[in-house]
Every structure is written in structure tokens, then in C-alpha cells.
Amino acid sequence: MRNASMEEQWLSSHLSGGNQTYLDEMYEAYLQDPNSVPEQWRTIFDKLPSVSEEVTTDTPHKPVRDHYLLMGKSPKLATDTLAPSLVTEHERKQVRVHQLATAYRLRGHQRSDLDPLGLKKQSSVPDLDPKYHGLSMADMETIYQCANLYIGRQEAPLKDIIGAMEQTYCGSVGAEFTHIVNTSERRWIELRMESVRSNPEFSVDARKHILERLCAGEGIEKYLGSKYPGTKRFGLEGGEALIPLMDELIQRSGSYGAKEVVIGMAHRGRLNMLVNILGKNPADLFDEFEGKSFLTEGSGDVKYHQGFSSNVMTSGGEIHLALAFNPSHLEIAAPVVEGSVRARQDRRKDSDGSLVIPVNIHGDAAFAGQGVVMETLQMSQTRGYGTGGTIHIIINNQVGFTTSKQDDARSTEHPTDVAKMVQAPIFHVNGDDPEAVVFATQLAVDYRQQFKRDVVIDLVCYRRRGHNEADEPAMTQPLMYKSIRKHKTTFELYSEKLKQSGVVSQDEIKQLVDKYRESLASGEHVANALVKEPNSSLFVDWKPYLNQPVNDDFDTSFDLKRLQELAHIINTPQESFPLQRQVNKIMEDRGKMAKGALPINWGFAETLAYATIIDQGLPVRITGQDVGRGTFVHRHAVWHNQNDGSSFVPLANISEDQASFEIYDSFLSEEAVLAFEYGYATTMPNALVIWEAQFGDFANGAQVVIDQFITSGEGKWGRLCGLTMLLPHGYEGQGPEHSSARLERYLQLCAEYNIQVCMPTTPAQVYHMLRRQIVRNLRKPLVVMSPKSLLRHKDAVSTLEELADGRFQTVLDDPSADENKVTRVVVCSGKVYYDLKDKIQKEGVDNVAVIRVEQLYPFPEDRLFEVMSRYKKIDDVIWCQEEPMNQGAWYSSQHHVRYVVNRINPNLYLRYAGREASASPAAGYMSLHLEQLEKFLNDAILNIQ
Ligand code: AMP
């Protein structure tokens, strides 16, 4: 224990003179981590009262107290609880001044002037009252040090300090950043805001430019409103400041050397963005309003879901803009944008994300409510999904469709609070103060540039009309809309402000409005920076992939000698890199397989497929939960050194000329991760992009991505996608949650050659299927029911020659059936083939042939006919599946099989053998599973009609 007098002396010496900054820093460090400060300081700070008037006596222990401090409910750092004799009155007050300034940084946003309508009730913020800190009117003229404040003075009267902090943190910008643990990030924000009091001086030209952009933002909506009254357009009215915001964001990013900006947004304000920022020709938009179609193929989509691409000029050069297509499902575009950005960054070898910038625009209700937001934030700094920070913009119109009551909309104060989980700084800004909006944008762009982390701009605005133009908002928000009806537009308000300060005249304002309207009327482009003849090297050329024939039969052979060389390279561990015993054995076995001494199994064939693809110069990217090892321990694409824990990816180290091989275990998400990979695959046509589900039915959590993007994106938007989904599937008695990948759902979504659905049953088949997916130029999503027990099945093996010479077979004939004896053909797909063959062998049956359909969509009718035609004596045809009757392929594919059977013999009738219809995918008990299996195998092989 220290003795009191020593402590007093020590404290006194540190509190005197110019040590205020030091004290401040100590105290902040203590708040973050009490153990980070010297014991003497800890002892003193520990003695400070832990209970403020807002904290009950039940919560005095430290973690809770720290929590309250970080939440901005700072208990008093009351130095008067220290020995009163130790410090002078002035020194005590100096500490309180510091507390007050800290409170502004913590809680200023709660009192800032954010709501253009002035309707939002502000919470009471006791710590922003000087009295709370023991400071009174009598102290206002007293000079205090402001060394840790960035207000341009070393010391100032208290009233000036308060004035500076008030201006900085309680004006049109409310900043939340004290939740960031990195001190340099916090300091950076403090410096940037305090040094200009959040109100930088804009030049006359800059102000005129902001006015012009606002005029455009308002002009397009007015024009569309009068030309197409009552037509849905999800106008931006009330949030027009988004246009100067985006303009600044793009121009500033360009000035830092960015080459691409990829934008995701929902429908609100989209048409405005398309015309005013991306430079879509207004004439084209008008045609869409008049119902004209632009797609030469496919079913198309409504205008406010359309994406767009263009190039604009910035002071740093030409920059490519891409606005992602989006479905109506809010927020799901965000991870798609991230994937697209990552693909572009990979293509440009932009490892820190300086060249390609993701921008996601959200609605306030959706940002607070949709789970995929959290998933997308969570991926932001991960190895496999990071994009160097995203700029998030919330169009916060304070109402979600008809819900504006905060008690209904969320449990947090701001709709942006979820972003705090990744310590993103949040800049709330009043949408009626366009200069403040531009300032917040500069902060956000510069923060991302500096720290490569996510940042949020919360553009607080309102929605002048209803959810859409045909909607009457006063039904549910009567007071809000009474106020909105009286409220001047942002353009009007800013025009008045600039007029008053002599920046523009009324005539100039009128000219601006007239000129914009005339440009629209003549169908001219209205995005000033648009590059009319874009530099096409800024984006990928998709021509080689367009209009490709759907050709199932494709040569995927590969030179045998090179195949063996590759097998040797990827399967030979180094002595200096000891592998775990079982993994080592697997590699030894793979070595024997390469020499032909052992038959080839699934894991080896799959790995060799990747090796050949990257050896041919085509990149491979695989992600999903536990993909490095493989959920069922078959892949081992990442080796783990048993001595030092380091890892090594053999496929990434084949040769100097190889294409990249990337494999990442994903975080535990399906929705955001699958959407990300969709975005990646639709941006990188020359890469094999694979997402693997841990168990196939886990893809249920990503159903939105499957329905709204993967199966329909080409039909709606003409966007090609070669994404592969590996979905482990198979009935092995593991219960309802681990058996089915819900094959029926994918088959039900199949039409117009939108996707491919395969169930390969041999290692050679998976090898050729993967190669075919990338080696041919057809880009269609591939959904694979991939195996579990087959990974190790003694009969599910292939030879090296089958890999080198073969190709993917859409239908596999029975290798052991004698066509002279066969009277019954059982058609099936997937693993059940091995159960059927086993049964045939056990029962000594010789009149049954089992034909496998390895590709269920596009259904290979001709090939099935060809194979079945070999059997001339058929009098019975059965479709056999292990899934219940209402699941699997039966309901969606039987018409194809019936058609073939009818071609063989119109008198033949297709029968069903399989589990009965069931509400649950599979039995929960092994005994029941086996009983069901036995029954349908008997039906398929033995029982007679
Ligand atoms: P982006 O870089 O996304 O703006 O794309 C540039 C251009 O490439 C687009 O305007 C399209 O013509 C084409 N393109 C991009 N992605 C795809 C895709 N997935 N399928 C077909 N064409 C595409």
C-alpha cells in the first residue's frame, strides 16, 4: 500500500503546470483499459466516484461503469473527491473542463441539429451542461488550457471552449466515434472536426457547384412528377442532398487515384442517381416510363431496380462507376457489391483497396432491421471478404414505409447503431445543410482512405411523398406530413442562403433551374462529368461469354503427363512442414493414386481439377464454412504445420505462371457470403468461383440470394454468372437437418436454361464437371448436390485415364448390366445408385439395369434416350430416389423421364420407388431410415408392379 502523503505529493506534482494533456491522455487510457496506466494513476482514478446521477447504486462495479462511460453517460470525474488540499480550485476546474469537452465528443451528437423537420425529440444530455461538471456562469470568462482540443488555441475562456465544442459537435453534423478503440483514429476525427468546427469555409465555386447539384436532384423529380404523374418512381424528394454527396464522394475518391466506384442501393432515389450521377440518358429513362423494353432476351425488371455503368472524369483521371442491379429485397445488394468490389480489386492487384471503392446506400429502417447488414459489416475486415472499408450512406427519411415510431422501428437510438459493432465512425448530418453534407462526405472518404475501414454517413432527411408516389402518407404520419407540406425544399433553402450571402442572384438561380429542365426536355445527359467515350480498359470485356450455346458435351480432357506432374507437386509434403498423421496418410495415398497404384477417390479428383484449371491460367476461388479442410475431411487444400501452426496452400504454389488459387474458410454466414460470391462471380468471368455449404440445407439461410440473384439475375438483368454451389446432400440416417440439400427447390426454379443442377457420382465426374464449368465460355450458375459418404465409398472411384481423357457425362449407363437380360430399368440420380447396385448384387438379380442421371437440369433427354435404347427388352421403368416423394427430383423431373420412356415404348409406364411424402426431409432415427431404405430398394429391384 502506498502511503497517503507520498501519493498526494506525487499527484500534486503531476497536476500542476502544463500537464493537463498528459492527465487527459492518462484518464482516457484508463477508461479503455485500467491496466494500461501506471499504478499510481490507477489508484487515483479508481477512487473517482463510479455512480453518477444516471447510474443506480446497483451498478458501481467497474465493467458496468466503463460501459456507461463509453455510452456517454460519464460519471463525474470529480477531482474534489481527491484530497481537497492537494489541488487548487483552478486545477480542479481544469479537469472538469476536460470532462465537459470529452462529453461533447461522446454525446454531442445527441444534441446536434440533425432533423430538417425539427420534429425529432432530443434526448436530454445532462453531461453537456457545465453545471453537471461543477462549472458555473462565474467560470465562463476564466481562461483554461485547451491543449488536447484542436480548436487552434492553447488556452481560452471557458465560454469560447464551450462555443467551439458546441459548434463542432452540436451543429448540423453529429459524430459518433468514441466507440473506436484505436486512439489515432479517434484523434484523427477530433482534429478534422474541431479544427474547422465542423463548418469549413467553401469557395464560391464550390458553393455554386453544390447548388447546381441540388438543382439537378430536385429537377429530375419535378420533371418526372409532372410528366408521369402518379407513376411509381420512389423519388428522392426530401433527400436531394444525396446528389451533392455522391458527387463529392466520387470526385474526391477520383482525386485520390481510385479507378472504380461500385454502388449498391435500394429503389429510393435510384432514378435520380442514374440520371444525375451515373449519366444515364434521360431519354432512355423516359422510354422506360413509357413501358419500352431494352433487353433483347429475358424478362427484364422495373426501372428502379436497374443497374448501370459509366465513366466520369475526376481531377485524378477517369473513373468507372457501376451501380449494381438490385431486387426489391432490401439490403441484399450490399454483400453483392462487396463481392463485385473484391473481384475488381483482385483483378487490379489492389490489395489495400485504394483503387476500387464500395459504396452502399441504405434506408434507415432497413439498416436497423435487416440481418444481412450485420453479416456484411462482420465480413468487412476478414481475409477472404475484406474490401478496404465501405462507405455506407443511410438515406434516413425517418420512416420505413409507414413505420416511424422509434419504439416500433428499432431498439437503438440511431438507426446506424449496428455499425458500431465494427467500430465504424458514424457521421449524422442534417440533409438540409448541404455544405455540412459535403463536409461529412469528405470526412468519410478521407477516413476510409486513411484507415481502410467502414464508415457511415447518416443523411438525416425526410420523405416528401409517401412510400411511393401513389401512396398517401398522411394516413399514418399526419403530423410529420403537415410539417413536410410547409417545409421548403433543400434547394430552395440553400438558394436563399446563397442569395443572402451574395453568392448567387435570383436570376442565376432561375437560369440554373431552366437550363436543367431544358436539358432533360431535349433528352441530354445531365451528369456533367460523364465521359462520352469511356476508356473500356477500366472494366472487363464480357463479349467472349455472351450468347454461348448451352452445350453439355464439352471436351475437358487434360494431358496425362502434366496431370501426374501436378499431382506430384500438390501431394508431396516437405520434411520441414510436418503434417498431422491422418493428413500425411491421405497425401501418401494420393501419391499412390497419381502413380496408378490406388484407385482415385473424390478428394484427389476434385483437387486435381483445381490444379489443372489454375495450370491453364484460370483463377479459382473457394469459400464457405470449413472449406480448407472440407466439412467431411476430404479436401485438405490447406496444410497445417504440426510444429509451428503455420499453413500452406499447395495449390497456390504450383508454378510461377499459374493463376491464383484462393481458399478461405468463411465466417458463419450463408446469406452475405453467398451474395458476396455471386457478386464476385458476376464480375470475374474467367474465374471458377465456388461456394460450399457445410451441409446442403444451410443454403436455406441464403434463399434470397438463390431466388433473387442466382436463378433469376440473367433473366431479369442479362447478367451472366458462373458461380458454383457445392451442397452436400445424401440420406445416411443423420436426421432431418443433415440429409437434404433441398434439391426440389432448385429444380423448381429451373427454366430457360437459367442454371445447371448436377448430382455427380464418381470422382471423374466431379473432376470433369468442375473443369467444364470454367473451361467452356458458357457462364451459368452450377448447383451441385455433392456427396458425403460417397467421398469414401469403395466403389466411388475412378482411374487416372478417366480424368485425362474423359468428359462430363450427363447420363451414366450401368457398367455391369447385360442388355440381353435386362427387363427393368431403374433411373436414378446421386448416391442411391450405390444402394441399388448393392441390393442387386446381394439379391443376385440380373434383369435390372440402373441408369444415373448426373445432370438434372438442363435435363439430358436425348442422352437418356440413347442410353436406355440399349435395353431392348424393357417392360418396366422405375424412377428411384432416396428423398421423400414430395422432395428430390420426382415432381420436377418426372415429365422429362416420362417423355423419354414414351419415346422408347408408348406402352411403358414410369413407376416411382422411394420414400413416401414427408413433411420433414428425413427420418430422425437410424432404424427408421434403414427400414425406409430397405422398403424402397425392394420396390425398385424386386417387387413387381
Ligand atoms: P461493370 O464493370 O459492372 O460496370 O460492367 C461493365 C460492362 O460489362 C457492363 O456494362 C456490361 O456490359 C458488362 N457486364 C458486366 N458484368 C456482366 C455480367 N455479369 N454479364 C454480362 N455482362 C456483364
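Please read all numbers here as calculations on a predicted model, not as lab measurements.

What counts as what
- Residues numbered from 1 in each chain as written.
- Predicted model: local features only at pLDDT ≥ 70, side-chain atom pairs only at ≥ 80, totals over all residues.
- Heavy atoms only, no water.
- Near = heavy atom within 4 Å.
- Polar contact = N/O pair within 3.5 Å; in protein donor to acceptor, adjacent residues only side chain to side chain.
- Areas by Shrake-Rupley, 256 points an atom, 1.4 Å probe, with all protein chains shown as cover.
- Nonpolar A, V, L, I, M, F, W, Y, C, P; charged D, E, K, R; others polar.
- Buried < 20%, exposed > 50% of the residue type's maximum accessible area, 1.4 Å probe, protein only.
- Helix = DSSP H or I, 4+ residues; strand = E, 2+ residues; numbered from the N terminus.
- Arc of directions from axis to C-beta.
- Salt bridge = Lys/Arg side-chain N within 4 Å of Asp/Glu carboxyl O.
- 1 Å grid on protein atoms, 1.4 Å probe; cavity = no way out; pocket = protein on both sides within 12 Å on 5 of 7 lines; lining within 4 Å.
- Points joined across faces, edges and corners; volume = space filled by probe spheres on them.
- Pairing = 2+ DSSP bridges.
- Axes fitted to C-alpha atoms, helices over the stretch in contact; angles between N-to-C directions.
- Contact = heavy atoms within 4.5 Å.
- Disulfide = S-S within 2.5 Å.
- UniProt positions renumbered as here; feature names shortened; annotations may be inferred.
- pLDDT = per-residue confidence, 0-100.
- Phe/Tyr/Trp six-rings, centres within 6.5 Å; stacked < 30°, edge-to-face > 60°.
- Lys NZ or Arg CZ within 6 Å of the ring centre and 35° of its normal.

**Concerning the site of the ligand**
Close contacts around the ligand come from S309, H320, A322, R344, F539, V540, W542, T682, G718, R719 and L720, and that covers them all. Taking S309, its side chain carries an N or O atom lying 2.5 Å from an oxygen atom of the ligand. In the model, a nitrogen atom of the ligand is placed 3.2 Å from a nitrogen or oxygen of the W542 side chain. Here the ligand has 480 Å² of accessible area as a free molecule, and 79% of this is covered by the chains. Here the residues of the shell around the ligand are counted per class, giving 5 nonpolar, 4 polar and 2 charged.

**Some thoughts on helix 11 (residues 282-289)**
If you check which residues of helix 11 are buried, you get P282, L285, F286, E288 and F289. One face of helix 11 carries all of its buried residues, which in axial projection span an arc of 155 degrees. A side-chain oxygen of the first residue of helix 11 lies 3.0 Å from the backbone nitrogen of A283; this N-cap is N281.

**A closer look at the pattern of salt bridges**
With the rule as written, the count across this model stands at 61 salt bridges. A salt bridge links R233 to E221; the shortest N-O distance between them is 2.6 Å. Linking R233 in the loop between helix 8 (204-227) and helix 9 (242-255) with E221 in helix 8, this pair joins segments that are 12 residues apart in sequence. The same class applies to R233 and to E221, which are both buried. In this structure, the salt-bridge partner of R635 is E606, at a minimum N-O distance of 2.8 Å. Taken together, the positions of R635 in the loop between strand 11 (620-624) and strand 12 (639-640) and E606 in helix 22 (residues 602-615) put the pair 29 residues apart, joining distant regions of the chain. When sorted by exposure, R635 lands in the same class as E606, which is buried.

**What to know about the layout of surface pockets**
Here the second largest pocket defines a volume of roughly 860 Å³. If you trace the second largest pocket, you find 36 residues lining it, with L119, K120, K121, Q398 and S404 closest to the centre. Its residues assigned to classes, the lining of the second largest pocket shows 10 nonpolar, 16 polar and 10 charged.

**Overview of empty space enclosed by the protein**
Counted under the stated rule, the structure contains 12 cavities of 30 Å³ or more. If you add up the space inside the second largest cavity, you get close to 130 Å³. For the second largest cavity, the lining is made up of 18 residues, of which E606, H634, R635, E692 and S786 are closest to its centre. Every element with two or more residues in the lining of the second largest cavity is listed here: helix 22, strand 16 (724-728), helix 27 (763-775) and strand 18 (782-786). When residues in the lining of the second largest cavity are grouped by element, the largest group, 3 residues, is from helix 22.

**Regarding the sheet that holds strand 17 (residues 756-758)**
Taken together, 7 strands build an open sheet; the order of strands is 14-11-15-16-18-17-22 and the sheet is mixed. With one partner strand each, in any of the chains shown, strand 14 (661-665) and strand 22 (855-857) form the two edges of the open sheet. Geometrically, the sheet is characterised by an average inter-axis angle of 20 degrees between neighbouring strands, direction not taken into account. Pairing analysis gives 5 bridges linking strand 11 to strand 14, with the strands arranged parallel.

**Section: unusual backbone geometry**
Note that the residue after Y857, namely P858, is joined by a cis bond; omega there is -10 degrees. Structurally, the position occupied by P858 is in the loop between strand 22 and helix 30 (861-868). Of note, the phi angle at K452 is positive, near 55 degrees, even though the residue is not glycine. Structurally, the position occupied by K452 is in the loop between helix 16 (434-451) and strand 10 (455-460).

**Regarding the environment of L747**
By the element assignment, L747 lies in helix 26 (residues 743-748). With a relative accessible area of 7%, L747 lands in the buried category. Distance from L747 to V757, taken between C-alpha atoms, is 7.4 Å for residues 10 residues apart in sequence. Discounting residues that sit within four places of it in the chain, L747 has contacts with V757, L856, Y857, G888, A889, S892 and S893.

**Observations regarding the pairing of strand 8 (residues 391-396)**
Burial of strand 8 is extensive: 6 of the 6 residues sit out of reach of the surface. Alternating positions in strand 8 separate into two faces, I391, I393 and I395 on one and H392, I394 and N396 on the other, with burial throughout. Where strand 7 (residues 356-363) lies against strand 8, 5 bridges are found, and the strand directions are parallel. Residue pairing in the sheet places G363 in a bridge with I395 of strand 8. Judged from the 6 bridges that link them, strand 8 and strand 10 form a sheet pairing that is parallel. Paired with I391 across the two strands is V455, which belongs to strand 10.

**Thoughts on the pairing of strand 15 (residues 688-692)**
The element strand 15 is extensively covered by neighbouring structure, given that 5 of its 5 residues are classed as buried. Sheet topology places strand 11 next to strand 15; 5 bridges connect them, and they run parallel. Bridge pairing in strand 15 places G624 opposite E692. Relative to strand 16, strand 15 runs parallel, the two being bridged by 3 bridges. The partner of E692 across the bridge, within strand 16, is L726.

**Some thoughts on the state of the cysteines**
Under the defined criterion, the tally for this structure stands at 0 disulfides. C828 provides the cysteine sulfur closest to C880, a residue in no disulfide bond, and the two sulfurs are 6.5 Å apart. What makes C880 buried here is its relative accessible area of 0%.

**Some remarks on the UniProt feature "domain: Transketolase-like pyrimidine-binding" (unreviewed entry) in the protein**
With numbering matched to this structure, UniProt assigns "domain: Transketolase-like pyrimidine-binding" (unreviewed entry) to residues 600-793. When the span residues 600-793 is considered, its composition is 29% helix and 16% strand, and the gap between its end C-alpha atoms is 11 Å.

**Details of the confidence of the model for the protein**
Of all residues in the protein, 91% attain a pLDDT of 70 or more, and the chain-wide mean is 91. Segment residues 49-83: pLDDT under 50, and 72 contacts once partners within four positions in sequence are set aside and those in other chains are kept.

**Quick word on the packing of aromatic side chains**
Counted according to the given criterion, the structure contains 21 aromatic pairs. Relative to F698, the ring of F695 has its centre 5.7 Å away and its plane inclined at 75 degrees; by these criteria the two rings are edge-to-face. One aromatic cluster in this structure is built from Y223, Y228, F286 and F289. The aromatic ring of Y385 is capped on one face by R621, whose charged end is 5.5 Å from the ring centroid. The side chain of R852 reaches across the aromatic face of Y833, ending 3.5 Å from its centre.

**Section: the side chain of N311**
Within the secondary structure, N311 sits in strand 5 (residues 308-314). At 2.8 Å, the side chain of N311 forms a polar contact with the side chain of E318. Side-chain polar atoms of N311 contact the side chain of H320, separated by 2.7 Å. With sequence-adjacent residues up to four places away left out, N311 is seen in contact with E318, I319, H320, A529, L530, V531, P534, N535, L538 and F539.

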